[in-house]
Amino acid sequence: MEELQKTNRRRFIKQSGVAMATLALSTSYIDAFAKGDLKRITILHTNDVHSRIEPFPMNGSRNQGLGGVARRAALINKIRAEQKNVLLLDAGDIFQGTPYFNLFGGELEMKLMSDMGYDAATMGNHDFDNGIGGFYKQLPNAKFPILISNYDLSDTIMHNATLPYKLFIKDGLKIGVFGLGIELSGLVDKKNYLETQYLDPITKGNEIAAALKNEHHCDLVICLSHLGYQYKENKVSDQVLAKETRNIDLIIGGHTHTFMNAPEDVKNLDGKITTINQVGWAGINLGRIDYYFDHKRNKKIQPATPYAISNYID
Amino acid sequence: MTHIVIKKMLNSNFKSWLLCCVAISLTVTSCQPHYTLIKQARAEYHIDSSLVVDSGILKSYQPYKQKMDAQMNTIIGESSQELTKSYDLPETLLGNFFADAVFTEAKKIDPSIDFAMPTTKGGLRNNLPKGNIRLSTIFELMPFENELVVLKLSGRDVLQLLNFIAQAGGEPVAALKMQIKNSEPQEITINGKPFEVAKTYSVLTSDYIAAGGDNSKGMANPIEKRVLNLKVRDALIAYVKAQTATGKKIDATLDGRITKN
C-alpha cells in the first residue's frame, strides 16, 4: 500500500539531523570554478512514474494537465545543454497505472526512458505486475541498467539481468549508484515474484555503500530506493536506511509517492549528511540535486562534512 | 638445486612485498581522495504546460497512443461528481463506489456473498473525475488484472479481517458496517445483521488480497474458495455500463458504514 504524504516544511527543518549552512560565494570559490578546480555533478531523478506517458487529462482532477514525458524530455535536454555532468536516475515503479501498460506491457515506458537517456533505474513492486517474466521481457527495450542489490534473483529468469550497482565516471569524478527494493511478501503476489529472495536492505546497503566508498573510491554514493520515505509502523524506510548506514550521500526514494517540500538531510551513522529526496509520482516533478567538488591539491585537508546546502541552483 | 629454491623464494617474497607496497599506496590514496564535496544545491521542476515539449518523444509514442485511444476512449458512463480517495478517512466516496459496484456485479454471479472488501485504499489508483467515464478512466482507477474470489471464512477469521480493517483505519467495503474505536472494530453488522463469531461468512475480495496482498489478514485459511472468473476491473466496467443502460449517472455517498473515533 502506498501512502500519500506531504511533508511539512517546518517539520522538515526541525527534524533535519544536520543543520543547514548557507554558503556565501567567496571570491576564492568563484576562482576555483574558473580554474577548473571546482567540478559539478547534476543528478536528475524521477520515481513512481507509473506508465504516465501523457499529462493527466484536463478533467477537473487535482493533477489535471501535469506531467508528460515529452515535456520532461525537453527539460532534461535543456539541463544537459547547460551542464556537462548529468546523471538521470529513476527509483522504480516504472510500470502500471495507465492503459499504456495494460496494452503494451511496459515496452513504451522502457523505450521512452531510453530515448530520454536514463542512466539507471531500480525495481519497484509494481514492476513485477506482469510477473518477473513480464519485466524481463521488456529489458531489451531498456538501454540503461536495472540496479538492485537486495533481491537475490539467481533462481529466476532475471538471474543475469540486473546489476547490484554501477560506477559512473563524470569529469574524473566517480559516482557509485546502487539499488534497494522493498520487501515483496505481502505486497506482491508470490506468483509474480516467484523465487526472488529479499535481503535486508540495511545490511546490503551498508555493504554496498562501504565497497563503493572504500574499495571503488567513489566521490559520491547514491542509493536508488523503493523502500518508501517513512512509515508510522516499525518498517524499514529511507529515513531508517539513512540513519542506520554509512557512506550513502544521497537516497533517491520512491514507493510512498511523497511530495517533499525540500530534500531531507539526515545524520547517518558517521554523523555525516545523507540526503533523502522523492518527487511525488507520475512524472509530475523532476528532482535535481547538484554536487560541487573542490580539488584538494595544495590545500589543507578539510572535513568532508558538513558541506554547504543551498535550495537554489545557480 | 637449493640455490634455485632460495632464489625462487626470494623472488616470490619480493613479489609479495611489491604487492604489499601497491596495496599500501592504494590505501593511502583512498584516504586522501582528490576531490572534496563542498556544496549541494537542489531544485524541483514542476512538469506543467509552461514547458515546451520534445517533438521527437511525442512522435515516438504517437503510434501507441493511436492504438490505445482507439480501444480506451469509448465513453461508458458519466459521473455526477468527482469521487475521491483518502488515506486518512475511514470511508471515502471512491472507496464506497468501488466496493458497492464490485459487490453488485459479483452478487449477480454468486448471490450468497455476505460482504465485500474488493480492494484496499492503496488499490484505488486514481480518483474518478466528474463527467465522462471512459474505459481508460476505469483502467486508471483499477489497472491490475486481479480476479474476484469468494472466500467462505470462519467467524474467527472474519474477526481477524475486521481487525485488519480497523487497524488500517478503514478499507473500502460493502454490506459491512463498523465503528472503529481505539483501532478496534465495534458495533459490527454484516448484511444488516450483527456479526456473530460462531457463524461463517462469504466474503468477496480479489485474488491479490486473498493471497495476503497489502498485508491483509484473516484470509489465509478459507473453508472454501470460489473463483468468479470476473476481473475486478471488468466488474467495475459492467456496473458503469449497467447504470448507464438504465439512464443513471455514477454517484456515491458517505453513509457512515465505517466511522472512526
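Conventions adopted
- Residues numbered from 1 in each chain as written.
- Chains lettered and ligands numbered in written order.
- Predicted model: local features only at pLDDT ≥ 70, side-chain atom pairs only at ≥ 80, totals over all residues.
- Heavy atoms only, no water.
- UniProt positions renumbered as here; feature names shortened; annotations may be inferred.
- Helix = DSSP H or I, 4+ residues; strand = E, 2+ residues; numbered from the N terminus.
- Buried < 20%, exposed > 50% of the residue type's maximum accessible area, 1.4 Å probe, protein only.
- Contact = heavy atoms within 4.5 Å.
- Areas by Shrake-Rupley, 256 points an atom, 1.4 Å probe, with all protein chains shown as cover.
- pLDDT = per-residue confidence, 0-100.
- Core = buried A, V, L, I, M, F, W, Y, C linked by side-chain atoms within 4.5 Å.
- Buried area = accessible area lost by both parts, 1.4 Å probe.
- Salt bridge = Lys/Arg side-chain N within 4 Å of Asp/Glu carboxyl O.
- Pairing = 2+ DSSP bridges.
- Axes fitted to C-alpha atoms, helices over the stretch in contact; angles between N-to-C directions.
- Parallel < 35°, antiparallel > 145°, perpendicular 65-115°, else oblique.
- Phe/Tyr/Trp six-rings, centres within 6.5 Å; stacked < 30°, edge-to-face > 60°.
- Lys NZ or Arg CZ within 6 Å of the ring centre and 35° of its normal.
- Expected span 1.5 Å × (residues − 1).
- Polar contact = N/O pair within 3.5 Å; in protein donor to acceptor, adjacent residues only side chain to side chain.

- The name an unreviewed UniProt entry assigns to chain A is Twin-arginine translocation signal domain-containing protein, from the organism Mucilaginibacter gilvus.
- As stated in UniProt under Sequence similarities (unreviewed entry), the record for chain A gives "Belongs to the 5'-nucleotidase family."

### Considering the overall build of chain A
Move 1: When its secondary structure is counted, chain A shows nine helices and 13 strands.
Move 2: Residues classed as buried in chain A amount to 63% of the 314 residues present.
Move 3: Across chain A, every contact between residues at least 6 apart in sequence was considered, and the portion connecting residues at least 24 apart equals 76%.
Move 4: Working note: accessible area of chain A is about 12100 Å², and carbon and sulfur atoms make up 51% of it.

### Points about the overall build of chain B
Move 1: For chain B, the count of helices and strands is seven helices and eleven strands.
Move 2: Counting contacts in chain B only where the partners sit at least 6 residues apart, residues at least 24 apart contribute 79% of the total.
Move 3: Counting every atom, chain B has about 13000 Å² of accessible surface; 56% of that belongs to carbon and sulfur.

### Brief notes about the confidence of the model for chain A
Move 1: Averaged over all residues, the pLDDT of chain A equals 89, while 86% of them reach at least 70.
Move 2: Counting interchain partners and residues more than four positions distant, the pLDDT-below-50 stretch residues 1-27 of chain A has 65 contacts.

### Some remarks on the nonpolar core
Move 1: Ranked by internal contacts, the top residues of the largest apolar core, which has 108 residues, are M116 of chain A together with F97 of chain B.
Move 2: At nine residues, the largest contribution of residues to this core is made by helix α3 (residues 93-109) of chain B.
Move 3: Once residues lying within four places of it in the same chain are set aside, the contact partners of F97 of chain B are L83, L128, L141, L236, Y239, V240, I250 and A252 of chain B.
Move 4: Residues L220, L250, I252 and Y291 of chain A belong to the second largest nonpolar core, which totals 24 residues.

### Digging into the interface of chain A and chain B
Move 1: Between chain A and chain B, the residue contacts involve 95 residues of the former and 56 residues of the latter.
Move 2: Of the roughly 6300 Å² buried where chain A meets chain B, counting both sides, 58% is carbon and sulfur surface.
Move 3: Where chain A meets chain B, there are five salt bridges.
Move 4: For R42 of chain B, the salt bridge goes to D265 of chain A, with nearest N and O atoms at 2.8 Å.

### Considering the pattern of salt bridges
Move 1: A full pass over the atoms with the stated rule returns 25 salt bridges over all chains.
Move 2: Residues R257 of chain B and D100 of chain B are paired through a salt bridge, measuring 2.9 Å at the closest nitrogen-oxygen approach. Note that R257 of chain B is positioned in the loop between α7 (232-245) and β11 (258-260) and D100 of chain B in helix α3, a separation of 157 residues in sequence.
Move 3: Of the residues examined, R257 of chain B reaches a relative accessible area of 7% and is grouped as buried.
Move 4: Put simply, K39, K84 and D171 of chain A are held in one network by salt bridges that share partners.

### Here's the deal with the sheet that holds strand β1 (residues 38-46) of chain A
Working definition: the strands of a sheet are paired by backbone hydrogen bonds and lie parallel or antiparallel to each other.
Move 1: In spatial order, the strands read β3(A)-β2(A)-β1(A)-β12(A)-β1(B)-β13(A); together these six strands make up an open sheet with mixed pairing. Two strands bound the open sheet, and with one partner strand each, they are β3 (120-121) and β13 (308-310) of chain A.
Move 2: For β1 of chain A and strand β12 (residues 285-295) of chain A, the ladder comprises eight bridges, and the chain directions are antiparallel. Directly across from K39 of chain A, in β12 of chain A, lies its bridge partner F293 of chain A.
Move 3: Sitting on the sheet, helix α3 (residues 69-82) of chain A is in contact with β1, β2 (86-90) and β12 of chain A together with β1 (35-46) of chain B, with an inclination near 15° to β12 of chain A.

### Description of the packing of α3 of chain B against α7 of chain B
Residue and element names in this part refer to chain B.
Move 1: Where α3 meets α7, the closest approach of the two axes is 8 Å, and the angle between their N-to-C directions is 90°. The angle between α3 and α7 places the two elements in the roughly perpendicular class. On α7, the residues that touch F97, F98, A101, V102, T104, E105 and K108 of α3 are V232, A235, L236, A238, Y239, V240 and A242.

### Concerning the packing of aromatic side chains
Here the distance between the centres and the angle between the planes together describe a pair of aromatic rings.
Move 1: Taken as a whole and judged by the stated rule, the model has nine aromatic pairs over all chains.
Move 2: With 6.5 Å between their ring centres and 40° between their planes, Y100 of chain A and F104 of chain A make a pair best called tilted. Residue Y100 of chain A and its partner F104 of chain A are both found in helix α4 (residues 99-104); the two are separated by four residues, about one turn of the helix. Of the two residues examined, Y100 of chain A and F104 of chain A, each falls in the buried class.
Move 3: Ring pairing ties together the aromatic residues F95, F101 and F135 of chain A, which thus form one cluster.
Move 4: One residue, K39 of chain B, lies across the ring of Y292 of chain A, its end atom 4.6 Å from the ring centre.

### Remarks on α7 of chain B
Move 1: For α7 of chain B, with 14 residues, the first-to-last C-alpha span of 20 Å sits near the 20 Å given by 1.5 Å per residue.
Move 2: Listing the buried residues of α7 of chain B in full gives V232, R233, A235, L236, I237, Y239, V240 and Q243 of chain B.

### With respect to the pairing of β1 of chain B
Move 1: As paired strands, β12 of chain A and β1 of chain B are joined by eleven bridges and run antiparallel to one another. Each residue of the ladder has a partner; that of Y292 of chain A, found in β1 of chain B, is K39 of chain B.
Move 2: Across three bridges, the pairing between β13 of chain A and β1 of chain B is parallel. For A308 of chain A, the partnering residue across the bridge sits in β1 of chain B and is K39 of chain B.

### A word on the confidence of the model for chain B
Residue and element names in this part refer to chain B.
Move 1: Per-residue confidence for chain B averages 90 on the pLDDT scale, and 87% of its residues sit at or above 70.
Move 2: Scored below 50 in pLDDT, residues 1-33 shows six contacts in the model against residues more than four places distant or in partner chains.
Move 3: With a pTM of 0.87, the predicted complex shows an ipTM of 0.89.

### Describing the side chain of R125 of chain B
Move 1: Mapped onto the fold, R125 of chain B is located in the loop between β3 (115-116) and β4 (131-134).
Move 2: Classification of R125 of chain B as buried rests on a relative accessible area of 11%.
Move 3: Only 3.5 Å separates the side chain of R125 of chain B from the side chain of H126 of chain A, close enough to count as a polar contact.
Move 4: A distance of 3.1 Å separates a polar side-chain atom of R125 of chain B from the backbone oxygen of G122 of chain B.

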